[in-house]
Amino acid sequence: MAMLSSRFMWKRILFQRGMAVAAFFLACSISFVPRTAAQAPPPLAAAPKALQTPARPKLVVLLVVDQMRGDYVDKFLGQWTGGLKRLVEEGAWFRDAAYPYAATETCVGHSTISTGAFPSTHGMVANAWWDRKEQKMVTCTSDPDPSVKNIGYAGATPKGADTAWRMAVPSFAEELKFQTSGATRIVTFSLKARAAITMAGHKADAATWFDGGAWVTSSPYGTMPFIEEQAKAHPAKADFGKTWSLSLPASAYWYGEKALGAVPPDGWDLTFPHPLRGKTGVGEPDSAYYEQWASSPYADTALTELAEKAVDALKLGNSNGTDFLAVSYSSVDYVGHEFGPRSREIQDILVRLDKDLGNLFAHLDQRVGRGNYVVALSADHGVVPIPEDMQKTGADAGVLHLPKVQEHIEKALESFNYAKPAVARISGSDVYFATGVYEKLAADSNAMNAVLDAIRTVPGVAAVYRAEELRDRPATPQSSTQSPAHRAFANSYFPGRSGDLFVLPKPYWLLDGTPLGKPRSYGTGHGVPYNYDQHVPVLLIGFGIQPGQYFQPITPADIAPTFAALCGITLSSRDGHVLSEALKKPLASAKNTNP
Ligand SMILES: [Zn+2]
């Protein structure tokens, strides 16, 4: 049953860290939102005007493309004809959007977009981190509560228990539902639990992801009949035997046939076409097939179909409240890890996603009405070119081997009185020491300096930061003594979850946790405070949005506050800001309504 094996899922999580490692609310009958003539109390005709609520979008749509660099829009816009083109040409395009923190990873980015807060506030500091109490790695969505269980559609029996309990603030969607008397329906989809869950929040009408060859959810979110139907009618395995071929003439592609340093899924080679037939090319869907499927445009199309079914089945955008629909397209991330950003695969999957999004918008126009819904599209992070490819340019690029960092630390402590191993885990930039070791080091400057010096001598290391240098972020938000990288690590720092020391690689050096002497199981990754990982698109279109190109620096944490402003609600955090320049002013519909 565990087709997309847990090994595969962990590989997905770990290679991003550079490690080797509802009961649902059908048209709520009571709502405070616009009183219709039928609901309004009869006489005293003067009153209702003052009670009218300013217009709000009927539906808020959040779209996240996992691992979409900001420059993909600049590069490939000319080849798009569908939804991506519409977003750019008819919407508000923020051309200088970037995450202001270091941990540019999936769980972190989605939580930031969803809450409007930085990781130092929302606490989702990575896809997975070292739990000091449990003395093990935990994923951002893993929930130890024994009453929580993952639930499979179409008879699947998934393992694990995933929720948003570790996310320290509510999502925009949760706040919307809570602050508007519950009329809001919250529905999210992704291939990844850490995307579907964080976009939804702690509770939702449906949060659905893909695991073990099946669509799954978990107990706080309940199940939906329309998803069950779709899971039975068109399961992922129905795409078995299809082939991913180039959709444009070969001359339309920017890069060569074979991406240098790429590591494709089992059963694929470096050139198109890519067959979706598993490891051997014959027989039944196997784990290799599901890896191929997740790395293909067919998975994006499956997510789009689910979103369209949700709109139809729940009549999203046609209730008394404002509904929330979110989709995170995971496949660009898988393709980017495998083939790198300079590949025909990345260019082609975006051409296909553009078509899917065109279909989704056409569906929303028809069912909800153009102008009645608002869409934001962004990404959770970018990606660094494959180091072997980057080296061709003559630039200083390479692989920063994290096991080497550990080796250097252990060796440096040999002349001091420390138990071995001193390091419990290195996960991405975060170095976690064994229990008690960091406290001892902090009081032992000779040993601490020896450790810091030893890390600095590992090839590819640019700087090392100590936890205590990051903890006082609120006191010195604009301190001129801090470098941008230092500030970025501070914006990522959450006490108890973040590491003890933080390794900043040189630009274009990939953090890699593969055991020394073994080949990497992926092409490239992300997760550091350089603009290639931080710079992502932010595009808004629809209700209340003033089209145009905007060049002021913003962050994806600004999306949720902007949605909140359009919906007239308040978020708990002020890390993000309202993108007021892209909002239509004045709110014509607000005139003459409030006293
Ligand atoms: Zn990734």
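What you see is a predicted model, and the numbers here were worked out from it, not measured in a lab. Counting of residues starts from 1 at the beginning of each chain's written sequence and follows it residue by residue. In keeping with the model being predicted, local features are shown solely for residues with a pLDDT of at least 70 and side-chain atom pairs are shown and tallied solely at 80 or more, while totals for entire chains, interfaces and linings include all residues. Hydrogens are left out, water is left out, and the side-chain values use all remaining heavy atoms of the structure.

(A) The state of the cysteines, seen in detail. The disulfide criterion is simple: two cysteine sulfur atoms within 2.5 Å. Taken as a whole, this structure holds 1 disulfide when the rule is applied. With a sulfur-sulfur separation of 2.1 Å, Cys-107 is cross-linked through a disulfide to Cys-140. For the disulfide bridge between Cys-107 and Cys-140, the dihedral angle about the S-S bond is near 110°, and by the sign convention the bridge is right-handed. Taken together, the residues Cys-107 in helix H5 (residues 106–115) and Cys-140 in the loop between strand S4 (136–139) and strand S5 (150–152) connect sequence positions 33 residues apart. Cys-107 sits in the buried class, given a relative accessible area of 0%. A simple rule labels every residue: compare its accessible area, found with a 1.4 Å probe on the protein chains alone, to the largest value its type can have, and call it buried under 20%, exposed over 50%, or partly exposed in between. Taking the relative accessible area as the measure of exposure, Cys-140 reaches 1% and is therefore buried. The way it works is that DSSP assigns letters per residue, a run of H or I at least four long becomes a helix, a run of E at least two long becomes a strand, and they are numbered from the N terminus.

(B) Representation of helix H15 (residues 402–412) in the model. Restricting attention to buried positions, one finds in H15 the residues Leu-402, Val-405, Ile-409, Glu-410 and Ala-412. Taken around the axis of H15, the buried residues stretch over an arc of 165°, which confines them to a single face. Check the buried side of H15 and you find it contacts strand S13 (398–401), strand S14 (423–427), strand S15 (430–433), helix H17 (445–456), strand S17 (501–505) and strand S18 (509–512). To obtain the arc, one takes the directions from the helix axis to the C-beta atoms. Only heavy atoms matter for contacts: two residues are in contact if any of them lie within 4.5 Å across the pair.

(C) Structural view of the coordination of the zinc ion. Because no water is among the atoms considered, metal sites can look incomplete, with donors defined as N, O and S atoms within 2.8 Å of the metal, or 3.2 Å for Na, K and Ca. Distances from the zinc ion to its protein donors, Asp-333 (OD), Asp-333 (OD), His-337 (NE2) and His-526 (NE2), fall at 2.1 to 2.6 Å. Geometry assignment treats four donors as tetrahedral when all angles are between 85 and 135 degrees, treats four as square planar and six as octahedral when opposite donors are over 155 degrees apart and all others between 65 and 115, and treats everything else as irregular. One way to put it: the 4 donor atoms around the zinc ion meet at angles of 53 to 161°, and that makes the site irregular. Of note, the zinc ion draws all its donor residues from one chain, in the sequence arrangement D-x3-H-x188-H. Placement of the pair is Asp-333 in helix H12 (residues 331–339) and His-526 in the loop between S18 and helix H20 (531–534), with a sequence separation of 193 residues. Judged on exposure class, the residue Asp-333 and its partner His-526 are both buried.

(D) Broad picture of the pairing of strand S1 (residues 59–65). The buried fraction of S1 amounts to 7 of the 7 residues, a majority that puts the element mostly inside the structure. The criterion for strand pairing is that DSSP finds at least two bridges linking the strands in question. Across 7 bridges, the pairing between S1 and strand S12 (residues 373–379) is parallel. By the bridge assignment, Leu-59 is partnered in S12 with Tyr-373. Sheet topology places S1 next to strand S11 (residues 323–329); 7 bridges connect them, and they run parallel. The residue bridging Val-65 from the neighbouring strand is Tyr-329, located in S11.

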